[in-house]
Amino acid sequence: MKRLTISIFLILTFTTSCLISKPENYWQQHVNYKIKARLDPDKNLITGSEILTYTNNSPNEIDRVYFRLYWNIFKQNSHGWKYAERRKMYARLARKYKGVEIKNFSIISNSKEIPIEYKIDDTILEASLPQRLKSGEKITFKIEWEEEVPPGPGMRTGVSNRCFDIAQWYPQIAVYDKYGWHTDQYIGTGEFHNDFGDFEVELEIPKSFIVAYSGELLNPDEVLPDSVIQNLEKARNNPEKVYRIADFSNREITDEDKTNYITWKFVAKNVRDFAFSAYERYIWDAVFWKNEEHPYGGVMIHSLYFKDNAKHWKDSSAVFGLHAIKFFSENFGLYLYPNAFVMSSYAVGGGMEYPGIVFIGYNITNSPYRGLFGVIVHELGHQWYPMMISNNETEFAFMDEGFNTFITTLAFEAYYGRKNNLLDPTKWYIRSSGLSTDERENNQRQYLMLAITGYEEPIATHADHWLENYPATTAFYPKTATVMFMLQYVLGDSTFSKLMKEYYERWKFKHPYPEDFYNLAMEISGKDLRWFFDQWFHRTYICDYGIKSIRSKKIQKDGKEIYKTTIKIIRKGRAVMPLDIAIKMENGEITSVNLPVDIWLNDEWENEIDIELPSKPTSAEINPDLRIADINRLNNTYPFPKVKISIDNTIPLSQFIAPIDAYSLKLRPSIWYNITDGFKFGLKLNGSYLDDVISHKFWALYGTRSNEIDFYFSDSRRIPFEISKNTFTEIEIFKIEGRYGGGFGFRKRFRKTLTIPPFHDLNLKVQLLKSTDGKYLDQIYKWDEKRLTRIIAGYTYFNYGEKWRVNFSLFFESSTVLSEFNYSKVYSEIIQTFRLPFGYSFSVRLFGGYGNGTIPQQAKFFIATSSPIDQFYRPLYRSKIFPADLRKHIEPFGGAGLRGYIDQNVSGDRIYSVNFELNLPSLLPLFGNLPIIGNLFKTTLFFDAGKTWDQNQRASLKGIKYDLGFGVRSTIFEQFSSMTNLFSEIGLNMIRVDFPVYVSHPINGEKKLKLRWVLGFDKTF
């Protein structure tokens, strides 16, 4: 009864909110800012004063006001600081910052300044008014302040390389609306909620700087060279042609230019904020979009960028900006500001938007991912949501980020075409993938890959109340865009277009809430859409329809043969949607049947559709247009799931090209080598659906010297999260280089969140392993040639903090029935890494193991390396590949990890060890800035100590062996990880050369102090 009561309450609340959200009852406050500021670029300091006239248009009397001091987020122990700490976002905590210092806070009454008391809580200033501000009255504030510009690249604003991208920079009055004052602290995840008004801004800055801005420049003759003014006029007179306005990148800047200040004067009308950029060496392009309906006759789109990214920006950035302004104006309402500045930024990573100006990270390019187009168009799309249609970004981020991602996707399609619009098809490795790279499908893919984990939260969750960022950004951006495409499907294209245009007309320069959009959609369509908005925005229901069966019977009707066909549709998810079923017949024709949503609204989980067809049905598919976000499309086709076959070019692009409607099967030729088989040739297949819902691997190789055929097959499946989150089953079977076997098991990760540790993992695996041919291995690593069946149960733990990281593992292993060995062992490892100043780090590893019974050689503990079984799963160590003189130096790290004992790598039933490493940030501390060498090579100092012994020996501290030395690591293969997975597949993650120059127990006749070396292809710890 309690649950029923709550449900009724929620429905009534939802319905009531829709009914009361009429724009004719709407009111909002008005602000008028007059700001004078001085930017000192040498001290990164802004001093400013503002006069704010605030109009109370509410029906209420106001006795206090709240102002936002956004830059206080950067102060140590701010709410944003603590938020970042809880979510382990330590990059935000890089330095101390003094914040915003208020020098004067007063009101002006009868031409007199009256100081008023205030208190500051982090990013919120609260002040009580000397008397209530009645409805319709105005009040004027005068505020003086000083603040340090935050260092970039950072959160949405800052300075880097004397490039200033300044936003949220002045004390700004909070929004007061029908819900009262909005006093959410600014903590960095949620963005902004500001009132519309007019700005008059005067900015003092050295003459050497060029400034871009919100609004209009009032005194161009005083601050811009004549050539710039003339070139801007040329651009205006020649619409849609890109002009080079100026190139300041190589100009001479005198000391006088750097010390003489000039004043730039701006006005911005009907905006919710004012932002600006300033830099001394911009390259400036511009293009004018002429529009007779525009209040300024059109829009000047400016693109300002740097010499070091000119090759990516010079021929495209202004064109991309023009496309955005033009396309969005034609389809979603006219852009109403006079300028649109697209600013390349050293200070802001990614992209950020403000009225009439957007900041774009300088290192974003347009290939292979069309990122520059995407970010420029996306940030300019924000001029609609939320700059002109201004939702509360802090509470309902989906209304700007998601709506904007939706229209950005349409802009992709309008510019590059409906398909293959996401990645650059001129690149051979994109073409060779053989799959479509579709931005619309990519949005849905990102949502589905989160949905399958079970870590979703509702889209309408307050932006600052999410447990973690990844589900939040996925919900705000791609999921909301996907939902908007589904809304378009439900309403029909023309009705949906009418909705979006009316949303603009009714809510431009206002503050809509979700219920306002919901209400408008129902008004325009004439449909009750509460079911849609509730399940997609306020819940995390998944959509999963499937075709269970198709039955057809040939009959005679009206003298014709027809096929009376029944299609049974099942619903496995809680979300309901209308469906279209495409039916293919023997005669080649395709017909479609529509199932309205009404047939699912009474809690139906199965429905049958009867249809008469002119030919026998051969197959059917639910919504082949992919306009429904179905979490499992493998059951959307009948009688078999779709399979898409492509060439595996080894480039890890699955996040862009993994099909959402089919099982992906990628194949490629494969080659390998070992001394026994010689060169091996064969085929490799990788199959998956949404990466890990189902995953298969298979390869087969023929040895040219041995005439042996080796193979490997594995099957991994994700258990539905409704049954168990983060749980996978695994099966494998293989015959590889003189060994065969197989196994099955499961792994489960326990975690509160998807991306923020601590992580607790449980693993259980049952295996059969047998060696049939020892000639693949060196004597020390040879397997005992009996059948081994074993069970392994393991627990692993991972966590990290700002300056530390820890990995812990504990495993129990035992022989099982059918095994010709009888043993058990337990072993554990803990690795702790500490981050030190200046890029150094210190790591310590503790390892211990204890075994009983007849432990086979391949499962014993080794003093210098990992066990032969562990090496079996690392292709470079699996068999004899390298010449004998080199093999004796190759060290697969593991076991006790005593690198100096590779030449006396004894094994035992029990073990303990400790390893220390001091990792330097470069090859040598003084050579960190050397080209190539300084970045690709790093030095490590190490010390190892440990001991192995057998069951018939007593444990003691006597006979402990140790070594010490230095090593060099190259991470060159990590640099290629985004280009190919070939290296990671064979375990070639790095080149590691260690020099254990001192060993405590050298072999007979060898000195303790000697230059020795070992080679590895993986990290130690």
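Since we're looking at a predicted model, the values are computed, not measured.

Quick notes on the overall build of the protein
Counting its secondary structure elements, the protein contains 23 helices and 50 strands. The C-alpha atoms of the protein give 33 Å as radius of gyration, which agrees with the globular expectation for 1021 residues (31 Å, within 12%). Its C-alpha atoms put the protein at 100 × 95 × 60 Å along the principal axes. The buried share of the protein, reckoned over its 1021 residues, is 58%. Residue pairs at least 24 apart in sequence account for 68% of intrachain contacts in the protein once pairs closer than 6 positions are excluded. Carbon together with sulfur atoms contributes 55% to the accessible area of the protein, which is approximately 43,400 Å² in total. Each charge class in the protein was averaged separately, 125 positive and 120 negative side chains, and the resulting centres sit 7 Å apart.

With respect to a nonpolar patch on the surface
On the surface, Leu810, Phe812, Val826 and Tyr850 cluster together to form a nonpolar patch covering roughly 350 Å² of accessible area. Mapped onto the elements, Leu810 comes out in strand S41 (residues 804-815). We classify Leu810 as partly exposed; its relative accessible area is 38%.

Considering the UniProt feature "active site" (unreviewed entry) in the protein
Mapped onto the present numbering, the UniProt feature "active site" (unreviewed entry) falls at Glu379 and Tyr477. Taking the farthest pair of C-alpha atoms as the criterion, the annotated set spanning 99 residues converges on one region, since that pair is 12.6 Å apart. Its location among the elements puts Glu379 in helix H8 (residues 371-381). A relative accessible area of 6% places Glu379 in the buried class.

Quick word on the pattern of salt bridges
All told, the structure shown has 69 salt bridges when counted by the stated rule. Of the charged contacts in the structure, one is a salt bridge between Glu144 and Lys142, with a shortest N-O distance of 3.9 Å. Residue classification places Glu144 among the partly exposed residues on the basis of a relative accessible area of 29%. The residue Lys680 makes a salt bridge to Asp710 at a minimum N-O spacing of 2.7 Å. On the criterion of sequence distance, the pair formed by Lys680 in strand S34 (residues 678-689) and Asp710 in strand S36 (residues 709-718) is long-range, its members being 30 residues apart.

Description of the domain arrangement of the protein
Segmenting the protein into domains produces domain 1 (24-195), domain 2 (428-537), domain 3 (545-638) and domain 4 (720-1016). The C-alpha centroid of domain 4 is placed 54 Å from the C-alpha centroid of domain 3.

Re the packing of helix H7 (residues 317-332) against helix H10 (residues 398-416)
At a minimum axis separation of 10 Å, H7 and H10 run at an interaxial angle of 115°. Between H7 and H10, the crossing angle belongs to the class labelled roughly perpendicular. Viewed along their axes, H7 and H10 form a crossing whose handedness is right-handed. Within the contact between the two elements, H7 uses Val319, Phe320, His323, Phe327, Phe328 and Phe332 and H10 uses Ile407, Thr408, Leu410, Ala411, Ala414, Tyr415 and Tyr416. Here the residues of the contact of H7 with H10 sort into 11 nonpolar, two polar and no charged.

Remarks on the side chain of Thr409
Of note, Thr409 is situated in helix H10. Within the structure, the side chain of Thr409 is placed 2.8 Å from the backbone oxygen of Thr405, a separation counted as a polar contact.

Notes on the side chain of Glu441
Within the secondary structure, Glu441 sits in helix H12 (residues 439-451). Apart from residues no more than four positions distant in its own chain, Glu441 is found in contact with Lys419, Leu626, Ala658, Pro659 and Ile660.

Things to note about the environment of Arg887
Looking at the element boundaries, Arg887 is found in helix H20 (residues 884-887). Excluding its chain neighbours within four sequence positions, the residues that come into contact with Arg887 are Ile675, Asp778, Lys880, Ile881 and Phe882. From its side chain, Arg887 meets the backbone oxygen of Phe882 in a polar contact 2.6 Å long.

Comments concerning the sheet that holds strand S17 (residues 243-247)
Across the sheet, six strands lie side by side as S17-S20-S21-S22-S24-S23; this open sheet has mixed pairing. Both edges of this open sheet fall to S17 and strand S23 (351-354), since each of them pairs with a single strand only. Between one strand axis and the next, the sheet turns through 15° on average, direction left out of account. Bridging between strand S20 (residues 283-290) and strand S21 (residues 298-305) involves eight bridges; their strand directions are antiparallel. Paired with Ala286 across the bridge in S21 is His302. In the packing of helix H4 (residues 226-237) onto the sheet, the strands contacted are S17, S20 and S21, and the crossing angle to S17 comes to about 165°.

Some points on the pairing of strand S7 (residues 124-133)
Taken together, the six bridges between strand S3 (residues 62-68) and S7 define a ladder with antiparallel strand orientation. Counterpart to Val65 in the pairing with S7 is Ala127. In this sheet, S7 lies alongside strand S6 (residues 118-121) in antiparallel orientation, the contact comprising four bridges. By the bridge assignment for S7, Lys119 is matched with Glu126. Hairpin connection from S6 to S7: two residues lie between these consecutive antiparallel strands, with Asp122 at a positive phi of about 65°.

Reading the values: rules and limits
Residues numbered from 1 in each chain as written. Predicted model: local features only at pLDDT ≥ 70, side-chain atom pairs only at ≥ 80, totals over all residues. Heavy atoms only, no water. Helix = DSSP H or I, 4+ residues; strand = E, 2+ residues; numbered from the N terminus. Rg over C-alpha atoms; globule rule 2.2 N^0.38 Å. Buried < 20%, exposed > 50% of the residue type's maximum accessible area, 1.4 Å probe, protein only. Contact = heavy atoms within 4.5 Å. Areas by Shrake-Rupley, 256 points an atom, 1.4 Å probe, with all protein chains shown as cover. Lys, Arg positive; Asp, Glu negative; His and termini not counted. Charge placed at Lys NZ, Arg CZ, Asp CG, Glu CD. Patch = residues over 30% accessible without salt bridge, like charges linked within 9 Å, V, L, I, M, F, W, Y side chains within 5 Å. Salt bridge = Lys/Arg side-chain N within 4 Å of Asp/Glu carboxyl O. UniProt positions renumbered as here; feature names shortened; annotations may be inferred. Domains from an automatic or database assignment. Axes fitted to C-alpha atoms, helices over the stretch in contact; angles between N-to-C directions. Parallel < 35°, antiparallel > 145°, perpendicular 65-115°, else oblique. Left-handed = near helix turned anticlockwise from the far one by under 90°. Nonpolar A, V, L, I, M, F, W, Y, C, P; charged D, E, K, R; others polar. Polar contact = N/O pair within 3.5 Å; in protein donor to acceptor, adjacent residues only side chain to side chain. Pairing = 2+ DSSP bridges.

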